[in-house]
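Summary of structural features
Residue strings, one per chain:
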Amino acid sequence: MTPEQFLEFARLLPEPVLLISVNGQILAANPSFSKMLGLHHQILQGKMLFELVTNPPDQVRQYLRNCSSSRGMVLGSLTLSANNGETCLCRSEGAAIRPWSPESPALILLRLKSRESASSRFILLNKKIDELAKEIRQRKRAEEERAQLLVQEQKARAEAEKARAEAENLNRLKDEFLSTVSHELRTPLNAILGWSQILRTKRVDEATMNRALETIGRNARSQAQLVDDLLDISRIITGKIRLNVQTVELLPVIEAAMDTVRPTADAKNIRLQSVLDPAAGPVLGDSERLQQIVWNLLSNAIKFTSKHGRVQVCLQRINSHVEIVVADTGQGISAEFLPYVFERFRQADSSITRSFGGLGLGLAIVRQLVELHGGTVHAESPGEGQGSTFTVKLPLMAVGLTAIEPERVHPAVGGSVPFDCSPRLDGLRILIVDDDADIRDLLTYTLEVCGAEVMAAVSADDAISALTASSTPMDILISDIGMPDEDGYALLRRVRALEPENGGKIPAIALTAYARTQDRRAALLAGFQSHVAKPVEPAELIAVIANLAGRIRGI
């Protein structure tokens, strides 16, 4: 009980009442006590009881000790000295007040009466004090419960917000992946479809024939690999992938994978080094899937390593397992993306200005296949621009198993559409902008066969240079959308900022593998006069160009 709580009920009592500490200090006194002694209550507060009584101090101390140690009321007799010099002999009734908490000191409630008993009234007072303390405890308990409910509500709200953010992120990743799948499948299709139509409908020389067949084969293999990756990840997710488990020596498996990627490495002047231990020991697994693991890691390393870089493969035995380490001097992996590098459909750069293609499935397939072989894989990188290292750990063979030959499925593509150069494009000067060499080659040949004069650019900067440096204005601009560093939208904004004599008002066609409705709308809103999705039939592209150039008004 506090002095304020004491005065709340004691000020109305007709009898003098004190609240004192065990050592005799007066903490509070009601108006009746102040009136009896003729002293103001502020003067009384803080005084010692020994200063106001004529009883011997030892007698008063003993009485207070009895009050504090007793569970009931303790009777006594005190002679008080008033301010006017008179004395008042009073019967005292003292009782200890139960502390608010174990840490709080006990207090003594002292009631003074002139020789008449007030036991029953003191009991009622003590009961009132108990009821007040009970009410305070109940209020405190209710406040604690409300605080707990508030914490639980805030936690539930935070969890709901986190779940909503994760769901939105998954939806975003799904949309990005579907867009990437469309782009990566349509891009090789464009070269395959275009050259196949030209070969079916036009007589070409041997050099052009060989170039066309090489382009078709290369893009068909690229598309087949994309489809294989999609089928593999589908089988892994549904648990339908099967392994032809047998004893496998890793040395020839790694060498075969290196032979497969060596032409790609040579084309970029990348040194492909190997440190292979022939005594590393055999493992149990599927030799084709193990080769796929190494091939994926090597392809990934070469893909993200710039020209004149280095890719190294190591094979060694460490205790009871075998390690395959693929290290490169490429662009590295940021600390933010490193935890997600093996997740499906995740790419460090999924924008339309990304410099590297692919579906973001290769490393996810590596992890799943390694785990199916009872191994682990992890990635390390000091940071962007500092290379990366992938380590595969596989258990050494302990027992032999009977091989189970799985069924292997490969995709096939086909289809053709006739092509002729109607209407003709004679006299038209056309600027092509695409970072894919096969697409530039196909479009250049197609348009030149139909009579157009064609200039090809590999980037937005090259396109601007071609427009501003040309003495004769270009008639049509055909631009890809997804290009490294600067996309087709940014290019068109730069073109529209040019003077009209430099091509600022040139009609523009967006030729892109981004073929969703929102992609078409974005291209038209950006200022393109037409949006054509890859793969495009040459006849269709010729018709779009002729229409945009005003060559088919009378048809």
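Here's what I pulled together on the structure shown here. Since the structure is predicted, the reported quantities are computational estimates derived from the model, not experimental observations.

**Examining the overall build of the protein chain**
On a plain count of helices and strands, the protein chain comes out with 14 helices and 17 strands. When burial is assessed residue by residue, the protein chain has 42% of its 555 residues classed as buried. A separation of at least 24 residues holds for 67% of the contacts in the protein chain among residues at least 6 apart in sequence. Split by element, the accessible area of the protein chain, about 29,100 Å² in all, is 51% carbon and sulfur.

**With respect to the sheet that holds strand β15 (residues 476-479)**
Read across the open sheet, the 5 strands follow the order β14-β13-β15-β16-β17; overall the sheet is parallel. Edge positions in the sheet fall to β14 (453-457) and β17 (530-533), since each has one partner strand and no second. Going across the sheet, the axis of each strand differs from the next one's by a mean of 20 degrees, ignoring polarity. In the sheet, β15 pairs with strand β16 (residues 508-512) via 3 bridges, with the strands oriented parallel. In the strand pairing of β16, Ile478 is matched with Ile509. Against the sheet, helix α12 (residues 488-496) engages β13 (429-433), β15 and β16, with an angle of about 155 degrees to β15.

**Some remarks on the pairing of strand β11 (residues 376-380)**
Burial of β11 is one-sided: the residues Val377 and Ala379 facing one way are buried, the residues Thr376, His378 and Glu380 facing the other way are not. Where β11 meets strand β12 (residues 388-395), 5 bridges bridge the pair, whose relative direction is antiparallel. Note on β12: the bridge partner recorded for Ala379 is Phe390.

**Focus: the pattern of salt bridges**
Considering all chains together, one arrives at 14 salt bridges under this definition. The residue Glu15 makes a salt bridge to Arg111 at a minimum N-O spacing of 3.1 Å. Linking Glu15 in the loop between α1 (3-10) and β1 (17-21) with Arg111 in strand β5 (residues 107-113), this pair joins segments that are 96 residues apart in sequence. Note on accessibility: Glu15 and Arg111 belong to one class, buried. The partner of Asp426 in a salt bridge is Arg424, with the nearest N and O atoms 3.2 Å apart. Asp426 gets classed as partly exposed once you look at its relative accessible area, which sits at 40%. Each of Glu161, Arg164 and Glu168 takes part in a single network of salt bridges with overlapping partners.

**As for unusual backbone geometry**
Here the phi dihedral of Asn269 falls at roughly 55 degrees; this positive angle occurs in a residue that is not glycine. Phi at His308 takes a positive value of approximately 65 degrees, unusual for a residue other than glycine. Locating His308 in the fold gives a position in the loop between α8 (287-303) and β9 (310-318). According to the relative accessible area criterion, His308 is exposed, its value standing at 59%.

**Topic: the state of the cysteines**
Covalent bonding between the sulfur atoms of two cysteines defines a disulfide. For the structure shown, the criterion picks out 0 disulfides. Cys90 supplies the cysteine sulfur nearest to Cys88, a cysteine that is in no disulfide, at a spacing of 3.3 Å. The class of Cys88 is partly exposed, set by a relative accessible area of 28%. Taking the relative accessible area as the measure of exposure, Cys90 reaches 2% and is therefore buried.

**A look at the packing of helix α10 (residues 437-449) against helix α14 (residues 538-548)**
At their nearest, the axes of α10 and α14 sit 11 Å apart, and the two run at 65 degrees to each other. Remark: the crossing between α10 and α14 carries right-handed chirality. Only Pro538, Leu541, Ile542 and Ile545 of α14 make contact with α10, whose side of the interface consists of Leu443, Thr446 and Leu447. A breakdown of the residues in the contact of α10 with α14 according to their chemical character gives 6 nonpolar, 1 polar and no charged.

**Let's talk about the environment of Val322**
Mapped onto the fold, Val322 is located in strand β10 (residues 321-328). Along the backbone, Val322 and Leu396 are 74 residues apart, and their C-alpha atoms lie at a distance of 6.3 Å. Every residue in contact with Val322, bar those within four places of it in the chain, is listed here: Leu250, Ala280, Gly281, Val283, Leu315, Gln316, Arg317, Val392, Lys393, Leu394 and Leu396.

**So, the sheet that holds strand β4 (residues 87-97)**
Pairing is antiparallel in the open sheet, where 5 strands are placed in the order β2-β1-β5-β4-β3. If you trace the sheet from one side to the other, it starts and ends with β2 (26-29) and β3 (74-81), each paired once. Averaged over all pairs of adjacent strands, the angle between their axes in this sheet comes to 30 degrees, without regard to strand direction. Across 5 bridges, β1 lies against β5 in antiparallel orientation. For Val17, the partnering residue across the bridge sits in β5 and is Arg111. Here α1 sits on the sheet and contacts β1, β2 and β5; the angle it forms with β2, its principal contact strand, is near 25 degrees.

**Some remarks on the packing of aromatic side chains**
Between two aromatic rings, the relevant description is the distance of the centres plus the angle of the planes. Evaluation of the coordinates by the stated rule reveals 3 aromatic pairs. With centroids separated by 5.8 Å and ring planes inclined at 75 degrees, the aromatic side chains of Phe6 and Phe9 adopt a geometry described as edge-to-face. A residue pair is termed a helical-turn pair when its members lie 3 or 4 positions apart in one helix, as Phe6 and Phe9 do in helix α1 at 3 residues. Relative accessible area serves as the criterion here: at 17%, Phe9 is assigned to the buried category. Here the aromatic rings of Trp195 and Tyr445 are separated by 5.2 Å at their centres, their planes lie at 35 degrees, and the arrangement is tilted. Taken as a pair, Trp195 in helix α5 (residues 119-201) and Tyr445 in helix α10 lie far apart in primary sequence, 250 residues in all. The class of Tyr445 is buried, set by a relative accessible area of 14%. Taking NZ or CZ as reference, Arg61 lies 4.9 Å from the ring centre of Phe50, over its face.

Calculation criteria
Residues numbered from 1 in each chain as written. Predicted model: local features only at pLDDT ≥ 70, side-chain atom pairs only at ≥ 80, totals over all residues. Heavy atoms only, no water. Helix = DSSP H or I, 4+ residues; strand = E, 2+ residues; numbered from the N terminus. Buried < 20%, exposed > 50% of the residue type's maximum accessible area, 1.4 Å probe, protein only. Contact = heavy atoms within 4.5 Å. Areas by Shrake-Rupley, 256 points an atom, 1.4 Å probe, with all protein chains shown as cover. Pairing = 2+ DSSP bridges. Axes fitted to C-alpha atoms, helices over the stretch in contact; angles between N-to-C directions. Salt bridge = Lys/Arg side-chain N within 4 Å of Asp/Glu carboxyl O. Disulfide = S-S within 2.5 Å. Left-handed = near helix turned anticlockwise from the far one by under 90°. Nonpolar A, V, L, I, M, F, W, Y, C, P; charged D, E, K, R; others polar. Phe/Tyr/Trp six-rings, centres within 6.5 Å; stacked < 30°, edge-to-face > 60°. Lys NZ or Arg CZ within 6 Å of the ring centre and 35° of its normal.

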